[in-house]
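Structural characterization, general
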Amino acid sequence: MTKINPELGYQHCLERVLISEQELQTRIAEIAAQVSQDYAGKNLILICILRGGVVFLSDLMRHITIPHQIDFMSVSSYGVGARSSSGSPRIVLDLNTDIRDRHVLLVEDIVDSGITLDYVLRILYTREPASLNVCVLLDKEERRRVAIYPRYVGFKIPNEYVFGYGLDLDEVFRNLPFVGVLKAEYR
Ligand code: 5GP
């Protein structure tokens, strides 16, 4: 695997743009309209899983037209290799908010094996929210090992390593306004 050199810019490791800025913004506005309709009159709280979900959350919430709160959780990455996932996740930053009897929507960048979301959902269920659903920007369905049924999905994507729009490549390039596919030699 070739090492990434952030100084060279994202272009050297980008195979192609998978989802453009325009496509992302259009779809996020659609999801936000649906969320605003589905949760009207409910006490909505958006819970973002750090760090990948933060760009998605910030665009999504600005399109949501109903009152809502936000809070954050961080789950340790459980990768042994930099770009593979195995083992068990663990909460490293917990919520500040009591979610009992609240309508909770978990906002996540990507569901891959499903292990992270399954872990977080199990923990949050024990806190007895009024409802608990998932809103995920990207769904790599092919890689699923644990069943997860998100209520909202931005895009179903193929089994490729992606970065940009919150998703990192060795902790950089989260700021890109599009989702790109990593070149094969860096995988
Ligand atoms: P899962 O637990 O569903 O396997 O995936 C959990 C985490 O793996 C995601 O929240 C994300 O941080 C990371 N991940 C999975 N696929 C990708 C990918 O293609 N690109 C990036 N940057 N992260 C990924």
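Computed from a prediction, not measured in an experiment: that's the story for all the values here.

Our next topic: the overall build of the protein. Broken down by element type, the protein carries 3 helices and 9 strands. When the elements of the protein are put in sequence order from the N terminus, they spell out β-α-β-α-β-β-β-α-β-β-β-β. Its C-alpha atoms give the protein a radius of gyration of 16 Å, within 12% of the compact-globule value 16 Å for 187 residues. Principal-axis analysis of the C-alpha atoms places the extent of the protein at approximately 50 × 35 × 30 Å. Considering the protein as a whole, with its 187 residues, one finds that 49% of them fall into the buried category. Put simply, of all contacts in the protein between residues at least 6 apart along the chain, 70% involve residues at least 24 apart. Entry remark: accessible area of the protein is about 9200 Å², with carbon and sulfur atoms responsible for 48%. Positive and negative charge centroids in the protein, built from 21 and 24 side chains respectively, lie 3 Å apart.

So, on to unusual backbone geometry. Residue Arg 51 follows Leu 50 across a cis peptide bond; omega there is -5 degrees. Along the chain, the position of Arg 51 falls in the loop between strand E2 (44-50) and helix H2 (54-63). Of note, Asp 101 is a non-glycine position whose phi angle comes to about 65 degrees, a positive value. Following the sequence through the fold, Asp 101 ends up in the loop between strand E4 (91-93) and strand E5 (103-111). Asp 101 sits in the exposed class, given a relative accessible area of 56%.

Calculation rules
Residues numbered from 1 in each chain as written. Predicted model: local features only at pLDDT ≥ 70, side-chain atom pairs only at ≥ 80, totals over all residues. Heavy atoms only, no water. Helix = DSSP H or I, 4+ residues; strand = E, 2+ residues; numbered from the N terminus. Rg over C-alpha atoms; globule rule 2.2 N^0.38 Å. Buried < 20%, exposed > 50% of the residue type's maximum accessible area, 1.4 Å probe, protein only. Contact = heavy atoms within 4.5 Å. Areas by Shrake-Rupley, 256 points an atom, 1.4 Å probe, with all protein chains shown as cover. Lys, Arg positive; Asp, Glu negative; His and termini not counted. Charge placed at Lys NZ, Arg CZ, Asp CG, Glu CD.

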